[in-house]
Amino acid sequence: LINLLMNSKRPLDTVMCTLFIKGLVRANCLDRAIDLCEEMKQRKGARPDVITYSVLIKAMVDRHALDRALALFNDMIAAGYQPDDIIYTHLLEGCRHANQHSRGQELFQQMLDSKVKPSEFTLVTMLKLHGRCGFHKEAFDLVAKWEEQQGMKPSVIHFTCLMSGCLRTKSYEQAWQAYELMRVCGVKPDSMTLSTLLPGMVAAQQWERVVILVEAATSDRGCSIPAETLNNALSQMQGAGGQGRHIDQLRALMDKAGMAHNNRRNGAYASSRRGPAGKATQ
């Protein structure tokens, strides 16, 4: 059918050809889709449009073919089209896959210089790019200034993404700074935020922060963090030694939420509260 379409002398239609290209992409026939795009350029009334290029650029990004995606991007600009925020976001995702941070930064700046307004998905993609490549300060600054510069308030999804990027490289202090920024901005953490950050604070043995996170998780009815995660935190506290106060606080919060917890008490802490005859001291 595609051969008949391409070999036909009849005029081609942009919408129809773009639909065929989408079908070829879904059928994993990307080279044939590119051939059809090239044929469109030679036919009257069937020039590839922004949607055509967007479909092909995304397909190249999904196959981690960033250079081919950028070639299509340059081709559409040369044809007189202005890339939209969707196309820029696709390319930023491609830079993330390829660990090409500087190229992603250049594309994002080009997007802003072209007066293309970034979307909330663009912000997520930029945060993932920064996080994957270890540029946590850049990611923090981007979120901190986003509302002022772009007129959109970052959501809990963006803050969680920022924390996740920090935790990826065990940058626990920067992850906590992101959490504090979220609180300052008046954004309430959700279950995903707390479940993402808590294991990081446990790994860092920041027990006071662990308790703060569990308090946030149990502020409403029940608990938004799985019992298994909390019991793991409790076990790590017990294993660290000398954390009696934090152990009691965590147990109390789990009791408040109606969650079963480990019964083992830290040995050193337990012995310090018993007299010589094994009686509990006041």
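The preceding data block contains the structure.
Residues numbered from 1 in each chain as written. Predicted model: local features only at pLDDT ≥ 70, side-chain atom pairs only at ≥ 80, totals over all residues. Heavy atoms only, no water.

### Topic: the overall build of the protein
If you tally the helices and strands in the protein, you get 16 helices and zero strands. Out of the 282 residues belonging to the protein, those deemed buried represent 44%. The contacts in the protein between residues at least 6 apart in sequence include a share of 61% that link residues at least 24 apart. Split by element, the accessible area of the protein, about 14,800 Å² in all, is 50% carbon and sulfur. (Helix = DSSP H or I, 4+ residues; strand = E, 2+ residues; numbered from the N terminus. Buried < 20%, exposed > 50% of the residue type's maximum accessible area, 1.4 Å probe, protein only. Contact = heavy atoms within 4.5 Å. Areas by Shrake-Rupley, 256 points an atom, 1.4 Å probe, with all protein chains shown as cover.)

### Digging into the nonpolar core
In summary, soluble globular proteins display a tendency toward joint burial of nonpolar side chains. By size, the foremost hydrophobic cluster in this structure holds 80 residues, and its most contacted members are Ile21, Leu56, Ile57, Leu197 and Val210. Excluding anything up to four places from it in sequence, Ile57 contacts Ala69, Leu72, Phe73, Met76, Ile87, His90 and Leu91. (Core = buried A, V, L, I, M, F, W, Y, C linked by side-chain atoms within 4.5 Å.)

### A closer look at helix H5 (residues 66-78)
Over its 13 residues, H5 extends 18 Å from the first C-alpha to the last, a length consistent with the 18 Å expected when each residue adds 1.5 Å. Within the span of H5, buried status applies to Leu66, Ala69, Leu70, Leu72, Phe73 and Met76. Buried residues of H5, viewed axially, fall in a sector of 155 degrees; they line one side. For H5, the exposed residues lying more than 90 degrees away from the buried face are Asp67 and Ala78. Buried-residue contacts for H5 involve helix H3 (30-42), helix H4 (50-62), helix H6 (85-97) and helix H7 (101-113). The positive-phi residue at the C-terminal boundary of H5 is Gly80, with phi of around 100 degrees. (Expected span 1.5 Å × (residues − 1). Arc of directions from axis to C-beta.)

### Examining the pattern of salt bridges
Here the structure, examined in full by the defined rule, presents 10 salt bridges. For the salt bridge of Arg68 with Asp31, the shortest nitrogen-to-oxygen distance reads 3.5 Å. Residue Arg68 is located in helix H5, and its partner Asp31 is located in helix H3; the two are separated by 37 residues in the primary sequence. A relative accessible area of 48% places Asp31 in the partly exposed class. Note that Glu93 is salt-bridged to Arg96, the shortest N-O span being 2.6 Å. One end of the pair is Glu93 and the other is Arg96, both in helix H6 and three residues apart, which spans about a single turn. Accessibility expressed as a relative area gives 16% for Arg96, which makes it buried. (Salt bridge = Lys/Arg side-chain N within 4 Å of Asp/Glu carboxyl O.)

### Points about the packing of aromatic side chains
Taken as a whole and judged by the stated rule, the model has four aromatic pairs. Ring centres of Tyr53 and Tyr81 lie 6.3 Å apart, and the angle between their planes is 55 degrees; this geometry places the pair in the tilted category. Separated by 28 residues along the polypeptide, Tyr53 in helix H4 and Tyr81 in the loop between H5 and H6 bring together distant segments of the chain. Given the relative accessible area of 2%, Tyr53 is considered buried. By relative accessible area, Tyr81 is classed as partly exposed at 22%. (Phe/Tyr/Trp six-rings, centres within 6.5 Å; stacked < 30°, edge-to-face > 60°.)

### Section: unusual backbone geometry
Of note, Lys115 is a non-glycine position whose phi angle comes to about 65 degrees, a positive value. Relative to the helices and strands, Lys115 is located in the loop between H7 and helix H8 (120-133). A positive phi angle is found at Lys170, which is not glycine, with a value near 60 degrees. By secondary structure assignment, the location of Lys170 is in the loop between helix H10 (156-168) and helix H11 (172-184).

### Here we look at helix H2 (residues 14-26)
Relative to the 18 Å expected for 13 residues at 1.5 Å per residue, H2 spans 18 Å between its end C-alpha atoms, a close match to the ideal helical length. Positive backbone phi, at 65 degrees, marks Asn28, one or two positions downstream of H2.

### Regarding the packing of H10 against helix H12 (residues 191-203)
One way to put it is that H10 packs onto H12 with a least axis distance of 9 Å and a crossing angle of 20 degrees. The orientation of H10 relative to H12 falls into the category roughly parallel. In the crossing of H10 with H12, the sense of the turn from one axis to the other is left-handed. Residues Val156, Thr160, Met163, Ser164 and Leu167 of H10 form the contact with H12, whose own contacting residues are Met192, Thr193, Thr196, Leu197 and Gly200. Classifying every residue of the contact of H10 with H12 gives five nonpolar, five polar and no charged. (Axes fitted to C-alpha atoms, helices over the stretch in contact; angles between N-to-C directions. Parallel < 35°, antiparallel > 145°, perpendicular 65-115°, else oblique. Left-handed = near helix turned anticlockwise from the far one by under 90°. Nonpolar A, V, L, I, M, F, W, Y, C, P; charged D, E, K, R; others polar.)

### Observations concerning the environment of Lys256
Residue position: Lys256 is located in helix H15 (residues 244-256). A relative accessible area of 59% means that Lys256 is categorised as exposed. Sequence-wise, Lys256 and Thr218 are 38 residues apart; in three dimensions their C-alpha atoms are separated by 7.8 Å.

### Examining the environment of Phe135
Within the fold, Phe135 resides in the loop between H8 and helix H9 (136-150). C-alpha separation for the pair Phe135 and Cys166, spaced 31 residues apart in sequence, amounts to 8.8 Å. Excluding its chain neighbours within four sequence positions, the residues that come into contact with Phe135 are His101 and His130.

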